[in-house]
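# Inside the fold
In case you want the letters, here they are:
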Amino acid sequence: MNKNYLAIVLAIILLGLSLLLNTRKEEPDRTMTYKNISPIELNSQLKTKDFLFVNVHIPYEGEIENTDLFIPYDEIEKNLDKLPKNKKIVLYCRSGRMSQEVADKLVKLGFTKVYNLTGGMHNWQSIGLFIETKDGIKSK
């Protein structure tokens, strides 16, 4: 009888542990990240623009039409007051590296709708779209 009693107690303990482990609430994934956007997607979205469009490339070499702000990528933290925390923000630079850094930083600071133009102005121009150079000339 002692063996049966021990087996029953062990079974109850195992059942209790199993229930406890299976009912434990999963922590929500707090790993947030920015989203990449292609030049084709961005070009389409610019037609019905509902976001803040920010050039972060230094030195300034020009911009894509409809850019709202130029904020040097290494001065983004000094300019957080210009950026809405819960509104869509699309970032770009010349090649994509600087805007990726800014996108990462903004997400870590709690910005929730951050987008990065993949490949930056180089990629934008590679599909035949124009940028306005620092001299005011449209260039492919």
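To keep things clear, this report deals only with the structure shown in the data block. Here, residues in each chain are numbered from 1, in the same order as that chain's written sequence. This being a predicted model, a pLDDT of at least 70 is required before a residue's local features are given, and a value of 80 or more before pairs of side-chain atoms are given or counted; all residues contribute to the totals for chains, interfaces and linings. Side-chain numbers here rest on the full set of heavy atoms in the structure, without hydrogens or water.

Paired through their backbone hydrogen bonds, the strands of a sheet run either parallel or antiparallel. A strand pair is defined by DSSP finding two or more bridges across the two strands. For the purposes of this entry, the term helix denotes a DSSP run of H or I that reaches at least four residues, the term strand denotes a run of E that reaches at least two, and both are numbered from the N terminus. Judged by pairing direction, the sheet is antiparallel, and its three strands sit side by side in the order β3-β7-β8 without closing on themselves. For this open sheet the edge positions go to β3 (62-63) and β8 (138-139), each flanked by a neighbour on one side alone. Strand direction decides the pairing type here: strand β7 (residues 131-133) and β8, joined by two bridges, are antiparallel. In the sheet register, E132 faces β8, and the bridge partner there is K138.

Soluble globular proteins tend to bury their nonpolar side chains together. Residue types Ala, Val, Leu, Ile, Met, Phe, Trp, Tyr and Cys, when buried and joined through side-chain atoms within 4.5 Å, form a set referred to as a nonpolar core. Exposure classes here rest on a 1.4 Å probe applied to the protein chains alone. A residue is buried below 20% of its type maximum, exposed above 50%, and partly exposed in between. Among the nonpolar cores identified, the biggest contains 18 residues, and V54, V56, L83, L91, L106 and V114 are the most heavily contacted of them. Looking at this core, the elements with two or more residues in it are β2 (52-55), β5 (89-92) and α3 (97-108). For this core, the element with the highest residue contribution is α3, accounting for five residues. We call two residues in contact whenever any of their non-hydrogen atoms come within 4.5 Å of each other. L106 has contacts with I76, L80, L83, L91, F111 and V114, leaving out every residue within four places of it along the chain. Judged by nonpolar contacts, the second largest core, of 14 residues, contains I37, I64, V90 and Y92.

Attention now moves to the packing of aromatic side chains. Aromatic rings in a pair are described by how distant their centres are and how their planes are angled relative to each other. Side-chain rings of Phe, Tyr and Trp (the six-membered ring for Trp) are treated as a pair once their centres are within 6.5 Å; stacked means planes under 30 degrees apart, edge-to-face means over 60, and tilted covers the remaining angles. Applying the stated rule across the entire model yields three aromatic pairs. A centroid spacing of 5.9 Å and a plane angle of 90° characterise the contact between F51 and F53, whose relative ring orientation is edge-to-face. Using a relative accessible area of 2% as the deciding quantity, one classes F51 as buried. Here the aromatic residues F51, F53 and Y92 are joined through ring pairs into a cluster of three or more. We call a charge positioned above a ring when the Lys NZ or Arg CZ atom is no farther than 6 Å from the ring centre and deviates by at most 35 degrees from the ring normal. It is K49 that lies over the ring of F51; its NZ or CZ is 5.6 Å from the centre. For K88, the ring lying beneath its charged end belongs to Y115, and the centroid distance is 4.5 Å.

Let us now look at the sheet that holds β2. Overall, parallel pairing links the five strands, which are arranged β1-β6-β5-β2-β4 in an open sheet. Taken across any chain shown, the strands that pair with only one partner, and hence form the sheet edges, are β1 (35-37) and β4 (69-70). Against the sheet, helix α2 (residues 39-46) contacts β1, β2, β5 and β6 (114-117), and its axis sits at roughly 80° relative to β1. Every axis corresponds to a line fitted to the C-alpha atoms, with the helix fit spanning only the stretch in contact, and the corresponding angles, defined between N-to-C directions, vary from 0 to 180 degrees. Where α3 meets the sheet, its contacts fall on β5 and β6, and the angle it forms with β6 comes to roughly 175°.

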